Amino acid sequence: MFNPRSLLLTAALSACSALAAGTAPNTVITNTATLTYKDALNAPRSKTSNVVTVTVRQVYALTVTPDSDELTVPTARSYATYAGARRLVPYTLTNNSNGTDSFDLSVTQSATDGYDVTTRLFLDANQDGVADTPGTPISGPVTLTTGSDVDILVEATIPGGTADALDALFALVATSVGNNTVTDTDNYAKLTVSAIGQLNVTHTADRATANPGETVTFTLNATVPTGNPVGAVTGVVQVDGTPRTGVIVRDLLPTLEFGAVSAVSASDGTTSLTGTPVYSTDGGATWTATAPSSGVNAVALLVEGSGAFLPAGSTLSMTFTATVPATALATTTQTATASATFDANLDGDGADTTETTPDATAQVTVNTVYRGALGPNGFPGAAATGDYTLRGVTISRNGDAQTTTTPIVAGTGVTFRQTLRNTGNATNDFTLAVSGAPIGWTCTVVSIDGTDTLGAAITGPVTLAVNATLDFAVTCSVPFSAAGQTNVALTVTATPAGGGAADTTTSTVAVVSAAGLPVLGNGDLNTGTAPTTTAVTVAANPGQTAVFPLELKNGGPVDEAFTLSGGPAGTLYYIDVNGDGLLDAGDTPVTTTAALTPGSTLQLLAVVPVSAGTPAGDTSVTFTATSTTDTNRVASVTDTLQVSAVTSGTFTPNGALSTISGGEVVYAHTLENTSNDAVNYAVGAFTSAQSSVFTYTYSTTLNGTYTSTLGGTVARGGTQSVFVKVAVASGLAETFTTSEAAAIQVTITAQKAPAGAVTLSATDTTTVQSVTGAVVKTAYLCSDAACTTSTLLNTNDKVSPGDYLRYTLQVQNTGTSTLYGAILNDQLPVDAPTSGSPVIVTSYHKLSASNAKVLFSVNGGMTWTSSTTSPATLFGASGSFMAALDSDANGVSDGVITDADVLPAGASFTVDFIVKVN
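Predicted model, so just to flag it, every value in this text is computed and none were measured.

S.K.: What is the right way to read the state of the cysteines from this model?
M.R.: By the definition in use, this model includes two disulfides. The disulfide bridge from Cys443 ends at Cys476, spanning 2.1 Å between sulfur atoms. Across the S-S bond linking Cys443 and Cys476, the dihedral sits near 115°, which makes this disulfide right-handed. Taken as a pair, Cys443 in strand 33 (residues 442-448) and Cys476 in strand 36 (residues 469-477) lie far apart in primary sequence, 33 residues in all. Between Cys782 and Cys787 runs a disulfide, and the two sulfur atoms are separated by 2.0 Å. Where Cys782 bonds to Cys787 through sulfur, the torsion about that S-S bond is close to -75°, and the disulfide is left-handed. The same class applies to Cys782 as to Cys787, namely buried.

This is how it looks when you write it as structure tokens:
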């Protein structure tokens, strides 16, 4: 008989498809980003980046399983049969490359074993351990599509006359035809010459992972392979105290919760045999034929018989269900362990070392379940009862809600305790939020300790171990405008990471009572008496000042500062430190008071200047104090200024504004008649030195009709608003810039003699700015997932499945005008097919930015997060994201991107987008 050391196969075969092993070769991966923004006229604009492309190369990979070293072959890969007989040894060949490949198959045999076997290779598509075409072995390369596999049987025949107990060591070898350096050789099996029978046990579960509480179906299969028969063991097991003779296949379930046996079968190859399921609640120490209602931790298939009653080809099978415990922790493994006892050498017992099969395990990994329970103080699972007092407020708990029973005074605040428990099966992060607060309320989630001391705001996720709890607080500042509001329901939400459902609880403010009002009145030099709002008259000559003694009382519940306003132009306010009602040397003016404690009174002086040209007469003056806490809290007092009754005027201020092509700017000027008579005024036409760019018109009201000239009268001591509109021509190039300083002249003429004329001037400088933005995209090949080092990729450079690519996107305002609401839009790179729709061929790994003020959105701009933490996922099927600079014009980051977020001229930011090639 021909017995080669290595049998090379040379046939072609296409196997069943499985999970793809990577993006197909020659796939062109392309990516383009877009910058959207608005110009100074609120018109939307956009710029598209350069297109970046790379090409996927063919990679070659394969596996042959099971693995086994030549010198340490495990029991599960050790077989036996008699001289002259054959054994079928199963293998699985998988194409792990990213494209179709062919594989040369051979069998290599050890030079250190006792004898050589004769080998042939067969296909086993249905995985039943029997060759699909017993008389037609594989004779050439096996071709597999990407990610597919094929089951192969090595038929090993022991030469006749080979001595017992000798071992043969051999392995199936597969080599890639596309790249013959890619091979798998470490797949040894051992075949021992033996005069005894053999029983092979396999064990499978219908799934690899399961949730806590989920039912799994397990199947045990025992087969007698080609060779000697298997015999019955006398008294192989006692069932309900009675010894039974035959073969038993048992399965131990140390942690799984047994359900029921759903199927059993047994056959000697031609005739069906009777198989009996038996059960144990003590790990197999004792057995019963009646399934207990609970506590079963071992189940077995008993096949009774006598002598050598299971010839080659016999099969035994049992299927049953078991449930993963509801308390199983995430990623733990639930294991069922099967083995069989039989008579291999037909001596009637099962005590020999070869007569108990090696353990065959079936394992199920517990999935991670993300859950949380949120409720009122001390009751995360709801069902709350009882009252508690926090920061002077009594709060009543009921079920999953809590409500204040103490009225909350407008202008103060309210705080609720909340308790969160991690009810999932793994340590997890939870995002805490509060919603439902009325307009004007400010509610924040903060930490709180056992002494009810509030800590820092909780802005990021909190981490809890399984079943751990967290006490935190929701604290709200209640505005003065909330007076009279009732049943303000705040919804507190805890959202687990990983996709678990959010849980909510309700905290309600039952009643908000009104706060006392401030009072501003005339002073009587005594803070012990209430301010009076009865009008007083203060006289002063032109060129002098009038001093009004005032008193301001804080009638509210909290400390408040007040902004002082009102009175004629130039009115100043002073603190009357010594309370004498007089302006003392060294006193300095104030516009806002220090914070006044509730019920306290502050003595003030309102100092009103009387200009030299003011005519005689009485003038009503109103002084106002406005709370800096709530501008609706206002107190006023109205008094009388008595004055007596020359020629001049002012035209102010100078202005400087900028706009873009098609835009316009308006300068607001004030013409003041400081003479003691009414005047006529005239504003002449202004012709621009750049008439094709700038046009000038005038109006007395901001939104009125604008004309090329303007005229009118101004009463004695009066003022006239003069608005200058400068319109910039439309259609100028995006990059066009220019500037012009225009001296706007106003001539005033007194109505009575002597009618002297005075020309006044104000200079308005208008600048035209360019509006351009740009996005430059560059691709790099990363050395690892962290992109520790990287290499620049040029157009259509090659990459491999599993490679990490870093796309660097530089956004820049290349013009001189501010860009408003500038947002970078990008998505996962896709293939570039010649026809059909693009397909995503990359997976998201990480986002980062050069500037901590850059925010990311992965839900279409609904919410934004800090770029200091990379988003866990991207948005939608396309895997898109947005990035923008959160400038807010005032430099304060609020976590939201709007048109108020600007990208000034020359400003830029950079985003790094790391993906993995599928």
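S.K.: Would you take a moment to explain the pattern of salt bridges for this structure?
M.R.: Two side chains with opposite charge may pair up if their charged atoms get near one another. Tallied over the entire structure, the rule returns 15 salt bridges. For Lys38, the salt bridge goes to Asp899, with nearest N and O atoms at 2.9 Å. In this structure, Lys47 and Glu734 form a salt bridge, with 3.8 Å as the shortest nitrogen-oxygen distance. The class for Lys47 is partly exposed, based on a relative accessible area of 28%.

S.K.: Just checking my understanding: could you explain unusual backbone geometry for this structure?
M.R.: If a residue is not glycine, its phi is most likely negative; likewise, a peptide bond is most likely trans. Note the cis peptide between Thr65 and Pro66, where omega equals 0°. The step from Thr652 to Pro653 runs through a cis peptide bond, and the omega angle for that step is -10°. One non-glycine residue, Gln127, lies in the positive phi region at around 55°. Looking at the secondary structure, you find Gln127 in the loop between strand 9 (118-123) and strand 10 (142-144).

S.K.: What's the story with the sheet that holds strand 1 (residues 28-31) in this structure? I'm lost.
M.R.: Whenever strands of a sheet pair, they do so through backbone hydrogen bonds, lying parallel or antiparallel. One open sheet holds the four strands; their spatial order is 58-4-1-61, and the pairing between them is mixed. Both edges of this open sheet fall to strand 58 (797-799) and strand 61 (830-831), since each of them pairs with a single strand only. In this structure, strand 1 lies alongside strand 61, joined through two bridges in antiparallel fashion. In the sheet register, Ile29 faces strand 61, and the bridge partner there is Asp831.

S.K.: Honestly, the packing of aromatic side chains in this entry has me stumped. Any pointers?
M.R.: Per the stated rule, a full pass over the model turns up nine aromatic pairs. Here the aromatic rings of Phe258 and Phe320 are separated by 6.0 Å at their centres, their planes lie at 40°, and the arrangement is tilted. One end of the pair, Phe258, is in strand 20 (residues 257-267); the other, Phe320, is in strand 23 (residues 315-323), with 62 residues separating them in the sequence. When sorted by exposure, Phe258 lands in the same class as Phe320, which is buried. Taking the centre distance of 4.7 Å and the plane angle of 70° together, the rings of Phe881 and Phe913 count as edge-to-face. With a gap of 32 residues between them, Phe881 in strand 65 (residues 880-885) and Phe913 in strand 67 (residues 908-917) connect regions that are remote in the sequence. Take Phe881 and Phe913: they sit in the same class, and that class is buried. One aromatic cluster is present, formed by Phe218, Phe258, Tyr279 and Phe320 through successive ring pairs. Lying over the aromatic face of Tyr91, Arg77 brings its terminal NZ or CZ to 4.6 Å of the ring centre. Between the NZ or CZ atom of Lys725 and the centre of the ring of Tyr706, over which it lies, the distance is 4.2 Å.

S.K.: Would you mind going over the nonpolar core with me for this structure?
M.R.: Across soluble globular proteins, nonpolar side chains have a tendency to be buried as a group. The biggest cluster of nonpolar side chains holds 38 residues, and the ones touching the most others in it are Leu199, Phe218, Val247, Leu316 and Phe320. Only strand 17 (215-223), strand 19 (242-252), strand 20, strand 22 (298-304), strand 23, strand 24 (333-341) and strand 25 (360-366) provide two or more residues apiece to this core. Discounting residues that sit within four places of it in the chain, Leu316 has contacts with Leu220, Asn221, Ala222, Val247, Val249, Ser265, Ala266, Leu301, Val303 and Leu310. Membership of the second largest hydrophobic core comes to 37 residues, among which are Leu35, Val52, Leu874 and Ala883.

How each quantity is defined
- Residues numbered from 1 in each chain as written.
- Predicted model: local features only at pLDDT ≥ 70, side-chain atom pairs only at ≥ 80, totals over all residues.
- Heavy atoms only, no water.
- Disulfide = S-S within 2.5 Å.
- Helix = DSSP H or I, 4+ residues; strand = E, 2+ residues; numbered from the N terminus.
- Buried < 20%, exposed > 50% of the residue type's maximum accessible area, 1.4 Å probe, protein only.
- Salt bridge = Lys/Arg side-chain N within 4 Å of Asp/Glu carboxyl O.
- Pairing = 2+ DSSP bridges.
- Phe/Tyr/Trp six-rings, centres within 6.5 Å; stacked < 30°, edge-to-face > 60°.
- Lys NZ or Arg CZ within 6 Å of the ring centre and 35° of its normal.
- Core = buried A, V, L, I, M, F, W, Y, C linked by side-chain atoms within 4.5 Å.
- Contact = heavy atoms within 4.5 Å.

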